[in-house]
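The lines below spell out each chain.
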Amino acid sequence: MSELKSTLRADMTTAMKSKDTLRLATLRMLLSAIQNAEVAGPEARELSDQEIIAVLQKEAKKRNEAAVVYEQAGRGELAANERAEESIIDEYLPTQLTDAEVGDIADTAIADVAEQLGVRPGMKQMGQVMKVATALAAGRADGSRISAAVKSRL
């Protein structure tokens, strides 16, 4: 079992013992999402920590989007609940990169692609640059932030 999944299970047990209902419900939801990801596809498999982080990021993004919709609909109590769940999920995610660090990653990715191609990449090579930049960020920055940084530099 991966280290992150073990941590989630241990924290769920602690939340049960302390009767922290919000944390308990959130951790159960996360473990359920991880289990669904493990059994998806042609055969069941154990997820690595990196794959679990991707599942957690997806769940955090869902909570953020739901909170925005609730706020627009004037449902503050539901939005607050979604934000609280998102903050619990964020505790298990790696710290996010600053805008300057994302810019540095974009510059490095552009330099790597330029070295491979022999010329400075343009907008046509954005996919290649994004592939390198996303690998360098390793889940510590949202794809839209990376994309914006790469676009501004190409």
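The shown structure was predicted, so the numbers you read here are calculated from the model rather than taken from an experiment.

Looking only at helices and strands, one finds 7 helices and 0 strands in the chain. Ordered by position from N to C terminus, the α and β elements of the chain give α-α-α-α-α-α-α. Taken against the 2.2 N^0.38 rule, which gives 15 Å for 154 residues, the C-alpha radius of gyration of the chain at 19 Å runs more than 25% over that of a compact globule. Expressed along its principal axes, the backbone C-alpha trace of the chain runs to roughly 60 × 40 × 30 Å. Among the 154 residues that make up the chain, the fraction classed as buried is 34%. In the structure as shown, the chain presents an accessible area of about 9,100 Å², 53% of it carried by carbon and sulfur atoms. Taken as two groups, the 20 positive and 24 negative side-chain charges of the chain have centres that lie 4 Å from each other.

Taking 1.5 Å of rise per residue, 19 residues should cover 27 Å, and helix α5 (residues 99-117) covers 27 Å from first to last C-alpha, within 8% of that figure. Phi turns positive, to about 90°, at Gly118, one or two residues after α5.

To continue, consider the side chain of Lys5. Here Lys5 lies in helix α1 (residues 3-18). You can call Lys5 buried: its relative accessible area is 6%. A distance of 2.9 Å separates the side chain of Lys5 from the side chain of Glu38, its partner in a polar contact. Not counting chain neighbours up to four residues away, the residues in contact with Lys5 comprise Leu31, Ile34, Glu38, Glu46, Asp49 and Ile52.

With that settled, consider the environment of Pro42. Position of Pro42 relative to the elements: it lies in the loop between α2 (21-39) and α3 (49-72). Spatially, the C-alpha atom of Pro42 lies 35 Å from that of Val150, the residues being 108 residues apart in sequence.

Let us look at helix α4 (residues 76-90). The terminal C-alpha atoms of α4 lie 21 Å apart, and with 15 residues this matches the ideal 21 Å at 1.5 Å per residue to within 8%. The set of residues buried in α4 consists of Ala79, Glu82, Glu85, Glu86, Ile88 and Ile89. Buried-residue contacts for α4 involve α2 and α3.

Turning to the packing of helix α6 (residues 126-137) against helix α7 (residues 143-153), a few remarks are in order. With their axes 10 Å apart at the nearest point, α6 and α7 run at an angle of 130° to one another. Taken together, the axes of α6 and α7 lie oblique to each other. When the axes of α6 and α7 are compared, the crossing they make is right-handed. Listed contacts from α7 to Met126, Val129, Met130, Ala133, Thr134 and Ala137 of α6 are Gly143, Ile146, Ser147, Val150 and Lys151. Grouping the amino acids of the contact of α6 with α7 by side-chain chemistry returns 7 nonpolar, 3 polar and 1 charged.

This paragraph deals with the domain arrangement of the chain. What the domain assignment lists for the chain is domain 1 (3-91) and domain 2 (99-152). With centres defined by C-alpha atoms, the gap from domain 1 to domain 2 works out at 29 Å.

Rules used in this analysis
- Residues numbered from 1 in each chain as written.
- Predicted model: local features only at pLDDT ≥ 70, side-chain atom pairs only at ≥ 80, totals over all residues.
- Heavy atoms only, no water.
- Helix = DSSP H or I, 4+ residues; strand = E, 2+ residues; numbered from the N terminus.
- Rg over C-alpha atoms; globule rule 2.2 N^0.38 Å.
- Buried < 20%, exposed > 50% of the residue type's maximum accessible area, 1.4 Å probe, protein only.
- Areas by Shrake-Rupley, 256 points an atom, 1.4 Å probe, with all protein chains shown as cover.
- Lys, Arg positive; Asp, Glu negative; His and termini not counted.
- Charge placed at Lys NZ, Arg CZ, Asp CG, Glu CD.
- Expected span 1.5 Å × (residues − 1).
- Polar contact = N/O pair within 3.5 Å; in protein donor to acceptor, adjacent residues only side chain to side chain.
- Contact = heavy atoms within 4.5 Å.
- Axes fitted to C-alpha atoms, helices over the stretch in contact; angles between N-to-C directions.
- Parallel < 35°, antiparallel > 145°, perpendicular 65-115°, else oblique.
- Left-handed = near helix turned anticlockwise from the far one by under 90°.
- Nonpolar A, V, L, I, M, F, W, Y, C, P; charged D, E, K, R; others polar.
- Domains from an automatic or database assignment.

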